[in-house]
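A closer look at the structure
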Amino acid sequence: MDIRKVAVIGGGTMGNGIAHVFAMQGIPVHLAEMNRELADKALAAIERNLERMVGKEKIDAARKKRTLEHITTFTDVAESVEGVDLVVEAVPENFELKKKVFSQIDQAAPEAAIFASNTSSISITRLAATTSRPGQFIGMHFFNPVPVMKLVEVVRGLDTSDRTVQIVEQMAERLEKTPVEVADYPGFVSNRVLMPMINEAIYCVYEGVADPEDVDAVMKLGMAHPMGPLRLADFIGLDVCLDILHVLHDGFKDPKYRPCPLLVKMVDAGKLGDKSGEGFYTYD
């Protein structure tokens, strides 16, 4: 199956990044958002990122123009999936919201279309079961910032067909990414390993072991991490980290995944990291 046209549902940080990389490879993209304001904001973000690439001489102005010409924005989800071969869902990390989206697109997308979720932790098998095509349902977990990060976790649900896996892995390679196939367990590999580390770093602050700057300095200088875990948590979004930890805790019933009370309190206070201007650090 040749992927000739793609729909991306959700134009936030991940969604606009995913649309960006598909369009960069000359693949027409239908980018769907809730309203015109959000759709325009998503397209503006893509244009800014492309302009940054031009400034760094990674692409030229002509390729930037061609990339933008391959993106069409929609405010109607059902309309956006008409005639596409692949749908990539990138809405917030909430099962009921994703279920609602897949219910809409399942009725409108072509019968042969593959559905992929960019979820970072929710069960692919559970999401697939909300559609009429579990064999054509897969996890395609990109990493932020999408145009830069090379990994795509390809998550096989219980009923995902070998053909679907093969098509999606080939598509990831076409996007100049490295696909890594993983089984459908809470958090997959990336967040099952990463989130307990971030959570433990938050416990270090909570228990007064060290302040955020020193925790991050230890991990950067001692463990050669490019970014400290608390700075990374702010970058990901503390609300997203909390959501993923809840999925891990609920899925495994293991207390080692219990979110640190400080993380819960910060999210309750609206201190979400980069997106809100304050988390473990303060941002302009």
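Residues numbered from 1 in each chain as written. Predicted model: local features only at pLDDT ≥ 70, side-chain atom pairs only at ≥ 80, totals over all residues. Heavy atoms only, no water.

Considering the environment of Asp 106
- You can see Asp 106 is positioned in helix H5 (residues 95–108).
- Judged by its relative accessible area of 16%, Asp 106 is buried.
- The spacing of Asp 106 and Glu 176 is 70 residues in sequence and 28 Å in space, taken between C-alpha atoms.
- Ignoring anything within four residues of it in the chain, the contact list for Asp 106 reads Phe 115, Thr 131, Ser 132 and Arg 133. (Helix = DSSP H or I, 4+ residues; strand = E, 2+ residues; numbered from the N terminus. Buried < 20%, exposed > 50% of the residue type's maximum accessible area, 1.4 Å probe, protein only. Contact = heavy atoms within 4.5 Å.)

Here's the deal with the nonpolar core
- Ranked by size, the top nonpolar core spans 38 residues in total, and within it Phe 22, Leu 86, Met 140 and Phe 142 carry the most contacts.
- At seven residues, helix H1 (residues 13–24) tops the list of elements feeding residues into this core. (Core = buried A, V, L, I, M, F, W, Y, C linked by side-chain atoms within 4.5 Å.)

What about the UniProt feature "domain: 3-hydroxyacyl-CoA dehydrogenase C-terminal" (unreviewed entry) in the protein?
- As recorded in UniProt, the sites labelled "domain: 3-hydroxyacyl-CoA dehydrogenase C-terminal" (unreviewed entry) are residues 187–283.
- Strand forms 0% of residues 187–283 and helix 62%; the C-alpha atoms that close the span are 28 Å apart. (UniProt positions renumbered as here; feature names shortened; annotations may be inferred.)

Here's the deal with the layout of surface pockets
- Counted as a void, the second largest pocket has a volume near 240 Å³.
- Around the second largest pocket sit Glu 93, Phe 95, Ile 122, Ser 123, Arg 126, Pro 186, Asp 243, His 246, Val 247, Asp 250 and Gly 251, which together line it.
- Ranked by residues supplied to the lining of the second largest pocket, first place goes to helix H11 (residues 238–252) with five residues.
- Viewed by domain, the lining of the second largest pocket spans two of them, domain 1 (6–183) and domain 2 (191–274), each represented by three or more residues. (1 Å grid on protein atoms, 1.4 Å probe; cavity = no way out; pocket = protein on both sides within 12 Å on 5 of 7 lines; lining within 4 Å. Points joined across faces, edges and corners; volume = space filled by probe spheres on them. Domains from an automatic or database assignment.)

As for the packing of helix H8 (residues 190–206) against helix H12 (residues 261–268)
- In the contact formed by H8 and H12, the axes pass within 8 Å of each other and the chain directions differ by 90 degrees. By the criterion of interaxial angle, the relationship of H8 to H12 is roughly perpendicular. Between H8 and H12, the contacting residues are Asn 199, Ile 202, Tyr 203, Val 205 and Tyr 206 on the first element and Pro 261, Leu 262 and Leu 263 on the second. (Axes fitted to C-alpha atoms, helices over the stretch in contact; angles between N-to-C directions. Parallel < 35°, antiparallel > 145°, perpendicular 65-115°, else oblique.)

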